[in-house]
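# Structure assessment
Below, each chain spelled out in residue letters.
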Amino acid sequence: LTRACRLESGDVVRAGATLFCLSPGARVPVADEAGLVGWSEALDEIRAQVAAVASDAEPVHVTGESGAGKEMVAAAIHACSGRKGPLLPLNVATLVPGLVESQLFGHRRGAFSGATDDQIGAFVASAGGTLLLDEIGDLELGLQAKLLRVVETSQVVPIGEVRPRTVDVHLVTTTHRDLSKMVADGTFREDLYWRLAPCEIRVPPLRERRMDVVPLFEHMLRKDAAPTLADMVKEREDIACHVAELLERLVRYPWPGNVRELKQAAQHLRRQIAHRERRIASDTLPPLSEALPLRLQSGDWLQAGRPQEGVAAPISTPGDEVARYKLILRSANLLRQAIDGQAEGNVKLFAQQAGLALGRNPESVRRTIYRRFGVDNSP
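Residues numbered from 1 in each chain as written. Predicted model: local features only at pLDDT ≥ 70, side-chain atom pairs only at ≥ 80, totals over all residues. Heavy atoms only, no water.

The helix and strand tally for the chain stands at 16 helices and nine strands. Among the 379 residues that make up the chain, the fraction classed as buried is 43%. Within the chain, contacts between residues separated by at least 24 positions form 67% of all contacts whose residues are at least 6 apart in sequence. Counting every atom, the chain has about 19400 Å² of accessible surface; 51% of that belongs to carbon and sulfur. (Helix = DSSP H or I, 4+ residues; strand = E, 2+ residues; numbered from the N terminus. Buried < 20%, exposed > 50% of the residue type's maximum accessible area, 1.4 Å probe, protein only. Contact = heavy atoms within 4.5 Å. Areas by Shrake-Rupley, 256 points an atom, 1.4 Å probe, with all protein chains shown as cover.)

In structure tokens form, the structure reads like this:
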């Protein structure tokens, strides 16, 4: 019995021991000095952006959901920069209230009550390297003005000193907040925002780059000195279907906690493998009920995204919607199917729908469609 369905970007299909995930532009990259792990087109774009900004002295702002991997991108920027100094990460949200200025810019002994020793501060400590200010949106307004001065002059003035110190630091900031909205609300300085925002790298959530899930998961197991799933299949081919089912769960799960949650799942499997090896030496891979955390065992997400006979799988996120239209616009066959099925053959209507999703002028999309059809002068 053959069932026909239309597959779209992000769809996952398992046939026995083989798992397919449809994703435009995905490839297995060669090893790079950035150390970013994944196969998705989105991560390839981030690699290109990192290479472009790494050697520049201008600040870089990295945005994305909590746990999406912003710190890894900052580390990649430092690794590719060629700077000899250290990478110093500092989470603004965890700094001690009342001592933030001192921790950032330093102080002289006796500058305030309790200042019993000199402190150089984060900018001086990271001289010649990279300073990562994580969650920059949590920095209070008064200190935002002082940070702006450092960004513009490359000089810091420790508390209790008069003379500024010149510092050579590549500043990288991150946040999961919308700084433009904070500017509108008056909680973030507009002048500082414009010094940070022009060079921005967005890290998509893990649910928008499913092709990164498996290589990241295997990388995390390897870092924990645990056998990878690929290693297990090489040793025992009879568990290949079991491994494919486990990977299907990983790829289809929406990962609300992003890379941080994926790391927890890898640690969970590592512990289960170690526990099982002590009990049953010949069978190291636990069943699904033990291999994955409970939240990956059941839930509405298991049924979401399953292709129905003759129709496309539903799109669950804006990122999936964008990827779907990008994929369709690359193929004349996919375009004909989508225009017929989604817009009843009306090219103008489909161009409006695609333009809205992609943030493009519908007329530009319409011209793209006719070029894909080989028509030079569209009506």
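Once the structure has been displayed, the description carries forward.
Within the element layout of this structure, Gln-144 appears in helix α5 (residues 141-153). For Gln-144, a relative accessible area of 0% gives the class buried. In terms of polar contacts, Gln-144 uses its side chain to reach the backbone amide nitrogen of Arg-189, at 2.7 Å. Setting aside its immediate chain neighbours within four residues, Gln-144 contacts Leu-139, Thr-187, Phe-188, Arg-189 and Leu-192. (Polar contact = N/O pair within 3.5 Å; in protein donor to acceptor, adjacent residues only side chain to side chain.)

Bringing unusual backbone geometry into the picture now. One non-glycine residue, Glu-135, adopts positive backbone phi at about 55°. Using a relative accessible area of 11% as the deciding quantity, one classes Glu-135 as buried. You will see that Ser-154, though not glycine, has its phi angle at about 60°, which is positive.

Following the criterion strictly, the structure yields four aromatic pairs and no others. With 4.7 Å between their ring centres and 85° between their planes, Tyr-253 and Trp-255 make a pair best called edge-to-face. Take Tyr-253: its relative accessible area is 6%, and that puts it in the buried class. Geometrically, the ring pair formed by Tyr-325 and Phe-350 is tilted, given 5.7 Å between the ring centres and 55° between the ring planes. Taken as a pair, Tyr-325 in helix α13 (residues 318-328) and Phe-350 in helix α15 (residues 347-358) lie far apart in primary sequence, 25 residues in all. Taken as a pair, Tyr-325 and Phe-350 share a single burial class, namely buried. (Phe/Tyr/Trp six-rings, centres within 6.5 Å; stacked < 30°, edge-to-face > 60°.)

Turning to the nonpolar core, a few remarks are in order. Counting 30 residues, the largest nonpolar core has Phe-217, Leu-229, Leu-250 and Trp-255 as its most contacted members. At the level of secondary structure, the elements contributing two or more residues to this core comprise α8 (213-223), α9 (229-235), α10 (240-252), α11 (258-279) and α12 (288-291). In contact with Leu-229, not counting residues within four places along its chain, are Phe-217, Glu-218, Leu-221, Val-243, Leu-246, Leu-247, Leu-269 and Leu-285. Leu-147, Val-169, Met-182 and Phe-188 belong to the second-largest nonpolar core, a separate cluster that totals 29 residues. (Core = buried A, V, L, I, M, F, W, Y, C linked by side-chain atoms within 4.5 Å.)

On strand β3 (residues 60-63), burial covers both faces: Val-60 and Val-62 on one face and His-61 and Thr-63 on the other are all buried. Two strands pair when backbone bridges link them, and β3 and strand β8 (residues 170-175) are joined in this way by four bridges, in the parallel orientation. When the sheet's bridge partners are listed, Val-60 is paired in β8 with Val-172. Across three bridges, the pairing between β3 and strand β9 (residues 200-202) is parallel. Each bridged residue has a counterpart across the sheet, and for Val-62 the counterpart in β9 is Ile-201. (Pairing = 2+ DSSP bridges.)

The subject of this paragraph is the packing of helix α1 (residues 41-53) against helix α2 (residues 70-81). Relative to each other, α1 and α2 sit at 45°, their axes nearing to 9 Å. Of the possible angle classes, the one that applies to α1 and α2 is oblique. Of the two possible hands of crossing, α1 and α2 adopt the one that is right-handed. Residues Ile-46, Val-50 and Val-53 of α1 touch α2, and the partners they reach there are Val-73, Ala-76, Ile-77 and Cys-80. (Axes fitted to C-alpha atoms, helices over the stretch in contact; angles between N-to-C directions. Parallel < 35°, antiparallel > 145°, perpendicular 65-115°, else oblique. Left-handed = near helix turned anticlockwise from the far one by under 90°.)

Moving on, we get to α11. Taking 1.5 Å per residue as the helical rise, α11 with its 22 residues ought to reach 32 Å, and the 32 Å between its terminal C-alpha atoms agrees with that figure. Within α11, burial applies to Asn-258, Val-259, Glu-261, Leu-262, Ala-265, Ala-266, His-268, Leu-269, Ile-273 and Arg-276. Close packing links the buried residues of α11 with α2, α8, α9 and α12. (Expected span 1.5 Å × (residues − 1).)

A few words on the environment of Arg-360. Among the structural elements, Arg-360 can be located in the loop between α15 and α16 (362-372). A polar contact of 3.1 Å, which involves the side chain of Arg-360, links it to the side chain of Ser-364.

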